[in-house]
Structures are given as structure tokens and as C-alpha cells.
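Report on the structure
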There are 2 protein chains.
Amino acid sequence: MAVISAHSLHSPFSTTPPLLPLRSFPSPPLSKPPRISCSPSPVMGPQTDDDGGRKMFMEFPYVSAPYRDLMVDLVSTMESRLGPYLLPCTLPPDVQYYHNRTNTAFGTLHIRSGIKPSHIDFVFGSWLHCKLPSGALNITSLSAYLSPSTDAPNFLIELIQSSPTSLVLILDLPPRKDLVLHPDYLQTFYEDTQLDKYRKQLDKIPEVRPYYSSSLYIRCSVSPTAILVCIETEPGRTERMEEIVRDHVSVIAKEVFGVWLDHCACGGREVGETDRARLAKRDLMFKSKSIEIDLGSSLPRLFGEEVATRVSGVIRDVFNI
Amino acid sequence: MAVISAHSLHSPFSTTPPLLPLRSFPSPPLSKPPRISCSPSPVMGPQTDDDGGRKMFMEFPYVSAPYRDLMVDLVSTMESRLGPYLLPCTLPPDVQYYHNRTNTAFGTLHIRSGIKPSHIDFVFGSWLHCKLPSGALNITSLSAYLSPSTDAPNFLIELIQSSPTSLVLILDLPPRKDLVLHPDYLQTFYEDTQLDKYRKQLDKIPEVRPYYSSSLYIRCSVSPTAILVCIETEPGRTERMEEIVRDHVSVIAKEVFGVWLDHCACGGREVGETDRARLAKRDLMFKSKSIEIDLGSSLPRLFGEEVATRVSGVIRDVFNI
């Protein structure tokens, strides 16, 4: 998941505005999830005056331009393609934006649930900034969870910067079925889509090395084409890191996101009732474990118990845990 | 699996002798699998005169001492600990040992089924040697598959040498359940056993790099603590490669095998009827896909259609596919 980094830290975004008031959409049929159009929606983006949360989230104020540009592009594309199927963000203001008592750690959280019975469960964005003795930590993330009406994979991107010359990138379409038991699923979503080529492209860059999450659960929840890398440039070579993010990471992230939009969010196949129950069970376990791993120790450590309890409580509600 | 390498090639062993005639063991109870003792058996190894197949397999004639010593040690330990629960190898002689028409490719295959209703499905060893235009290819492997009476992980080691200074090592306890849905299983077999420390140990050696199988199915069938590495020493530095195999690979492989013997083969928990059916279905899918991936093109290419048909047919029989 993307709430808090897979390792030990956390990345929330911010408030989400009522971009697309529910009443403005035709009622979806109750018996069958609406097929999500693959065309960009003409109705999108912030149109109201009370979109302060989204604005704050979209500013990504503590990261440099290449990171900000990438995240703004991904969120805008998501809003463009999926906006009509998303409810406004209804998080309390002090969860959309939060900070610790000493004002050294700031976080935003931006969650929009899918309009039932669409294939979207919810989309989840966040950014986090912490001043630490060793320097600044910045985590930005965006993820999308599909509902049990389809078995198509989810989407996840997470950028963890522990310094201007060190970046961990997690980019994946986490599978929602056991791939060993379902090779047809592997074929459809990972082989036919040629996702592995993006991993190979990034692997050619000299500063890129594989990254192993300290959590075995996170490691086994990703797909075999997952990009989990640590990128480190020489000390002081901030401009080289930004070049890598702009010319390689961004290009690849947008392509992978495009695959997810076309083949999963928009082209995701529907499943029958029996499979839905199995998917719901697996989805719930994944979300529960992810929260446990992500929020367990890092949120209290960075933000204090009070803030951690407030934020994680809201996330658990959204996740129905 | 270990029949043919995860990528494109194959590694079979050789004939197996009636090491432990079935009649020499007390009949196991029919209703419950016998608990496998964790003590070495006093009855083990080749005792008959017709153990030519095992002898040929155990010679590992085309690899250098560090590789041979490792494989002999692993097979001997397996026979010592699991021998009483294994039937003799009953493969036809021309499958226990086979070669191509031009005598440039040789292979052995050594399979012993578990005595029902023990937890052992079968153990599978092989070596393969091919003279190729680019040099010699040597693949040695040993794997053990448990039966659906337990859900404990299998064991797999595979060493693929495409030159004296290049080695791919696959060492793992492949899980038999969906780890995302079963975090308790992950905890029991991978976290509590601290298997990840072996991967980390090997990762410290400068010549070691991660290895990505070209098969996505193979990638997603391994555990999150799997060791999948490519080791390359400088051209001509054969002695350095042998040092790495002797001082690091062998030590780690024996430790990991010890974990498997203690916690899976000998300490593996039993499962109820419903779970058995699920396990059997997943095991069968894994074996079918592995054979398809391993034998599909490489065996005909290296040994010709006739040999490939004969060997793969026998393997399918053993795997009940």
C-alpha cells in the first residue's frame, strides 16, 4: 500500500475536494458495475471553491520539480480517466493535513472512494515530509484499489527520498490472485502487457540497484514485474538524480500507469459471485497487513501517538478494517 | 522445479538404486502420515549391488570439486534424513542416464517417490552437461516436493554454470500457499526461521548480483527469501569462483537445506482434508507449469526430439500430470 512506505515510513497526501458531486452523474445500474470508459472525461479536476485539500496535496511543496511534475501528472491523469467514478474526499481536515507538535513533520492524505458499483474501491494519495537529524525525508505515493467486482490488479507508486541523492522507487500492479494457481491471470495482466520491459529499462541505469523491503509481506505481495529499486547518485549530484527521475522514472511510471488504466481500471474483467467472495477476503487481508506494517511504528514515531491514532483510525475506516 | 533450469535449460541426474527396499521398513499407519524423525537414519545410502544409477549421479563428473562436494553433501544428507521414507528409484535406465546422438550432451535423472502416506511426495535430482559452441553448460539440481498431507514448503537448489566464471544459483523453499492470504504461513516458515539472513549474507559478496528468470511464472513461484543470484568472477578467475562456491554458496545451501529438513520435511504441520484438496490443486498446477516451462523447448533443442519425448514423458508420469 501507499499510506506509509513499505519499509518503515509513511507518505500521505491531502484533502480531496468534492470534484465531482455524486448528483451530477447518472445513477449506475445496481446489478452490474458500469464499464469504465477509457476516454478522458470532459468533467474533471477541481471545479469548486472548497478544494483546498486537493490544492495542498497537489502542491507537493517539499520535493523538487521532477518529482512534483510526475505526481501531478499521475494524479491529473487519474482524475481525468476515473473522476466520474470517484466520490469526493470526505476525510476530516485534520487528517487531510496533519503535523507533529514541533512542526518538523507534515503529512497530507487524499482518499476518494469509488462510486458503487463501479470497479473502483478507492484511490489513495499522500505526501509526507519530515525533518530528521540525518536530513529531510520525503515520501510521495499514489495507489488505486479495485473492488471485488473485478479481479484486475491494483496500482501502486511510492517514492521515498531519504536525501536529494537517494531514492527508493516502488512501482507495481500488485496482483489480487495467487499467481501460481492462476497462470492465465499472470499471462493476461503481466505477460501480454509486457510490463517487464519497464523493469529492464530502469535496470540499465548504472545508479539503479534492486531494493529489498525489510517486510517479507510487502515483498511477496508485489508482482513478478514489480519495480523495486534504490537509486543513488554520487554525493552532491542532485542534478543527476533529478535527471534520472525526469528522463527515466517519470517516463516509465506514466507508461506503467497507462497499462493499469487501460487493462485494469478500464479493461478489468468482471468476476462471478464466488470469486468475489474470495477476492474480498484476500483484499481485506492485504489491506489489514499493509496497515499493520506501515502504520505500526512509523506514524507514532514521526508524528506522536495522538496524530498517529487519529490518522490510522480514519484509514482503517476507509479500508473497512 | 529442478528438472530443467528455470530459464531454458535442464539438469537431470541419474539412475537410483533400490537403496531402501520397501519391505525393510515397518508399514506406516494408513490413516495418518508418519511423523518423520529428525534424527539421521542408521539405514541409508547405497547398500545393494545394483546402484549404478545412483553412483553415476553422485559422481557429478563434469563439474569441479566445490560443486561436486556440495551436491554430494546435500544428497547424502537427504538420504540420511529421509531415506526410510523414500522408495527406490524406478526410472528406466535410458531415463536415468541419457545423451544426444552426437554425444555432446549428457544428462542424469534421479527420482525417488515418498512412501505413502509420508509427507514426502518425491525427491528429484539431476545433472546435465552440454558442449555448446560458447563452451560447456553444466546444470546440477536437487529438489524435494512434499505431499498435500502437509502444507510445508518444498526445497529447491539449482546451479547453472554457463562458464567456469559464471554461475546462476537458485536456492529456495518455494511456498505452497498464497502468502498474501496466509501471513501466518509466512511467519512460520520464512520469518521465524530467519531465512532472509542467508540471502543477505550472499548479497555482501561483490561478485553477486540479483538474477531474474526470464519466466515470470518461476519468479512468482519462489518465496520472498529466495536466493536468485548470478555470480560472475573476472575472466580466467576460476579459482575465485570456486572459492565463492566452497566458502559461501555451500555453507549457505547446507544451512538452508537444514532449515527445510528441520522445519518442513521433519517438522511440517499436517493439514485437514479441505486444505489437502486445495494444496493438491496448487501443487499440480505448479508442477504442470514448471514442466511446460522447463521442458518445452530446451530438452528437444539440447537432446533431440526422441530423447526429449522419452525423458519428459517419464517426468510427467512421476508428477502425475
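**What to know about the pattern of salt bridges**
For the structure shown, the criterion picks out 38 salt bridges over all chains. The shortest N-O distance in the salt bridge between Asp94 of chain A and Arg310 of chain A comes to 3.4 Å. With Asp94 of chain A in helix α3 (residues 93–96) and Arg310 of chain A in helix α10 (residues 305–318), this pair connects stretches of sequence that are 216 residues apart. Since its relative accessible area comes to 25%, Arg310 of chain A is described here as partly exposed. The partner of Asp73 of chain B in a salt bridge is Lys254 of chain B, with the nearest N and O atoms 3.8 Å apart. With Asp73 of chain B in helix α2 (residues 65–82) and Lys254 of chain B in helix α7 (residues 238–265), this residue pair connects regions lying 181 residues apart in the sequence. Among the ionic contacts, a cluster of salt bridges with common partners joins Asp151, Lys177 and Arg269 of chain A.

**So, helix α4 (residues 183–191) of chain B**
Within α4 of chain B, burial applies to Pro183, Tyr185, Leu186, Phe189 and Tyr190 of chain B. Here the buried residues of α4 of chain B occupy an arc of 145° about the axis, which is enough to place them on one side. The inward-facing, buried residues of α4 of chain B abut α6 (216–221) and α8 (273–295) of chain A together with α7 of chain B.

**What about the relation of the copies chain A and chain B?**
Mapping one chain copy onto the other needs a rotation about an axis and a shift along that axis. Once turned by 180° and shifted 0.0 Å along the axis, chain A lies on chain B with an RMSD of 0.0 Å. Such a turn and shift between the copies fits a two-fold axis. Taking C-alpha positions as the reference, the residue of chain A nearest the rotation axis is Asp178 of chain A, at 2.8 Å. Here 100% of the interface residues in chain A have copies in chain B that are interface residues too; the copies meet face to matching face.

**Overview of the sheet that holds strand β1 (residues 97–99) of chain B**
Residues and elements named next belong to chain B. One open sheet holds the eight strands; their spatial order is β1-β2-β3-β4-β5-β6-β8-β7, and the pairing between them is antiparallel. Here the strands that pair on one side only, and so sit at the sheet edges, are β1 and β7 (208–210). Between one strand axis and the next, the sheet turns through 15° on average, direction left out of account. Bridge analysis of β7 against strand β8 (residues 227–232) gives three bridges, and the strand direction is antiparallel. Note that in β8 the partner of Val208 across the bridge is Ile231. Its contacts with the sheet put α2 on β2 (105–113), β3 (120–132), β4 (135–146), β5 (155–163) and β6 (166–172), and the angle it makes with β4 is roughly 15°.

**Section: the packing of aromatic side chains**
This model, assessed by the stated rule, comprises 28 aromatic pairs over all chains. These aromatic residues form a ring-pair network of at least three members: Phe122, Phe124, Tyr145 and Phe319 of chain A. Sitting over the ring of Tyr217 of chain A, Lys289 of chain A keeps its end group 5.6 Å from the ring centre. In this structure, Lys287 of chain B packs its charged tip against the face of Phe319 of chain B, placed 5.8 Å from the ring centre.

**A short note on helix α1 (residues 52–59) of chain A**
Side chains of residues three or four places apart in an α-helix project in the same direction, reflecting 3.6 residues per turn. Residues and elements named next belong to chain A. Listing the buried residues of α1 in full gives Gly53, Arg54, Phe57 and Met58. For α1, the angular spread of the buried residues around the axis is 125°, confining them to a single face. Of the surrounding elements, those touching the buried residues of α1 are α2 (65–82), α3, β2 (105–113) and β3 (120–132). Positioned one or two residues after α1, Phe60 has a phi angle of 40°, which is positive.

**Points about unusual backbone geometry**
Cis peptide bonds are those with omega within 30 degrees of zero, and the linkage from Lys116 of chain A to Pro117 of chain A qualifies with 0°. Tracing the sequence through the fold places Pro117 of chain A in the loop between β2 and β3. Unusually for a residue other than glycine, Gln194 of chain A sits at a positive phi of about 55°. Within the fold, Gln194 of chain A resides in the loop between α4 (183–191) and α5 (196–203). Judged by relative accessible area, Gln194 of chain A falls into the partly exposed class, the value being 49%. Of note, Asn320 of chain B is a non-glycine position whose phi angle comes to about 55°, a positive value. Topologically, Asn320 of chain B is positioned in the segment after α10 (305–318).

Calculation rules
Residues numbered from 1 in each chain as written. Chains lettered and ligands numbered in written order. Predicted model: local features only at pLDDT ≥ 70, side-chain atom pairs only at ≥ 80, totals over all residues. Heavy atoms only, no water. Salt bridge = Lys/Arg side-chain N within 4 Å of Asp/Glu carboxyl O. Helix = DSSP H or I, 4+ residues; strand = E, 2+ residues; numbered from the N terminus. Buried < 20%, exposed > 50% of the residue type's maximum accessible area, 1.4 Å probe, protein only. Arc of directions from axis to C-beta. Contact = heavy atoms within 4.5 Å. Least-squares fit on C-alpha atoms with pLDDT ≥ 70 in both. Pairing = 2+ DSSP bridges. Axes fitted to C-alpha atoms, helices over the stretch in contact; angles between N-to-C directions. Phe/Tyr/Trp six-rings, centres within 6.5 Å; stacked < 30°, edge-to-face > 60°. Lys NZ or Arg CZ within 6 Å of the ring centre and 35° of its normal.

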